[in-house]
Amino acid sequence: MNPTILTIILLNLFLGTMITMISSHWLLIWMGLEMNMFSMIPILMIKPTPRSTEAATKYFLTQATASMLLMLAVIINLTHSGQWTIVKMFNPMASYTMTIALAMKLGLAPFHFWLPEVTQGTPLMPGMILLTWQKLAPMAIMYQIHSSINFNMMLTMAILSIVIGGWGGLNQTQLRKIMAYSSVAHMGWMTAIISFNPSIMILNLMIYLMMTITMFTLFISNSSTTTLSMSMMWNKTPVLTTMTLTTLMSMGGLPPLSGFMPKWMIIQELTKNDLILLPTIMAMLALLNLYFYMRLAYSTSLTMFPSTNNTKLWWKIKSTKFPPLTPTFIIMATMMIPLTPIMAILD
């Protein structure tokens, strides 16, 4: 793609998200989402192949449907409140429709079917943008209207997302699909806490973004898209492979690493609100995610490529792609657990 055109598209993507995040007028919010969506389609097709075209078409149809439902909810709210600004939604139908529209945009279960397919059909860099930057605008809207969201509906979708995010990734060998199902599960954790403490949701979103960007930069630096290609990393880049293992464990939420912090705080907050069964179920379902992260870590770091001699031949061409901020992202994605007391105070 022409660099000038790509720069304009990325700028439009940035502006669309920013307009949505800073606006309090529903029409501007909707316009920002549309700018965001139409900028994302050529990014998904940055390498024009039949698979990327199919992925972009699926993305367009899903997001256009979600935008239509969002505008429907806004119009219903307008007829009952008489204003376009974000206020508490007194009409249940507007609240239900708005929640479904945002769930479709985020890829929450049961509206998650498009996310793994679209992520798998695109290169690694557009896939990273889809699973990170594209979550900001819908989460910003959800943050602003969290008091109007139907509690039971949101909690049901959160539990369903954690279940499907775990089960869906169990039998996958494609790294992009694994990351997509991981995104579904993480979105479930965020939406479970948003009705109780939106600040913890923001913290969880920030750590999720750091971990996902770290994993994708590691995949990009090794040109890895499948479990098989990752299993050949140890002979060539043992340090990066070890970092991949550590980041995977952080995404699974193991205690010494950053990924444990949001889960710890969410479970603590839910327990404070006299909910014992819900965090217990969520913690048990998180083991599904940890299982396929461990399976990926096993094939990556705990096995070695078989050879008949003691010298590992450098048969694979050395990759020249190494994103400059990778060490910073790795540190932030794995070593932030000591900051938990400060985060708890801020929340």
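Residues numbered from 1 in each chain as written. Predicted model: local features only at pLDDT ≥ 70, side-chain atom pairs only at ≥ 80, totals over all residues. Heavy atoms only, no water.

With an unreviewed UniProt entry as reference, the protein chain is termed NADH-ubiquinone oxidoreductase chain 2, source organism Tolypeutes matacus. The protein chain has a UniProt comment under Catalytic activity (unreviewed entry) that states "a ubiquinone + NADH + 5 H(+)(in) = a ubiquinol + NAD(+) + 4 H(+)(out)". Regarding the protein chain, the UniProt comment filed under Subunit (unreviewed entry) reads as follows: "Core subunit of respiratory chain NADH dehydrogenase (Complex I) which is composed of 45 different subunits. Interacts with TMEM242." (UniProt positions renumbered as here; feature names shortened; annotations may be inferred.)

**Some details on the nonpolar core**
Counting residues in hydrophobic clusters, the biggest one holds 97 residues, and the most contacted among them are Trp-26, Met-40, Tyr-59, Met-98, Met-187, Leu-205 and Met-282. For this core, the element with the highest residue contribution is helix α10 (residues 198-222), accounting for 13 residues. (Core = buried A, V, L, I, M, F, W, Y, C linked by side-chain atoms within 4.5 Å. Buried < 20%, exposed > 50% of the residue type's maximum accessible area, 1.4 Å probe, protein only. Helix = DSSP H or I, 4+ residues; strand = E, 2+ residues; numbered from the N terminus.)

**As for the domain arrangement of the protein chain**
Partitioning the protein chain into domains gives domain 1 (1-121) and domain 2 (150-346). For domain 1 and domain 2, the distance between their C-alpha centroids amounts to 25 Å. Taken together, the contact between domain 1 and domain 2 spans 17 residues of the former and 17 residues of the latter. Between domain 1 and domain 2 lies a buried interface of about 1600 Å² when both sides are counted; carbon and sulfur atoms form 73% of it. (Domains from an automatic or database assignment. Contact = heavy atoms within 4.5 Å. Buried area = accessible area lost by both parts, 1.4 Å probe.)

**Side note on helix α8 (residues 151-168)**
Here α8 is 18 residues long and its end C-alpha atoms lie 25 Å apart, about the 26 Å a rise of 1.5 Å per residue gives. Taken as a whole, α8 has its buried residues at Met-154, Leu-155, Met-157, Ala-158, Ser-161, Ile-162, Val-163, Gly-165, Gly-166 and Gly-168. On its buried face, α8 sits against α4 (92-106), α7 (136-144), α9 (175-193) and α14 (277-301). Its side-chain oxygen at 3.4 Å from the backbone nitrogen of Asn-152, Asn-150 defines the N-terminal cap of α8. (Expected span 1.5 Å × (residues − 1). Polar contact = N/O pair within 3.5 Å; in protein donor to acceptor, adjacent residues only side chain to side chain.)

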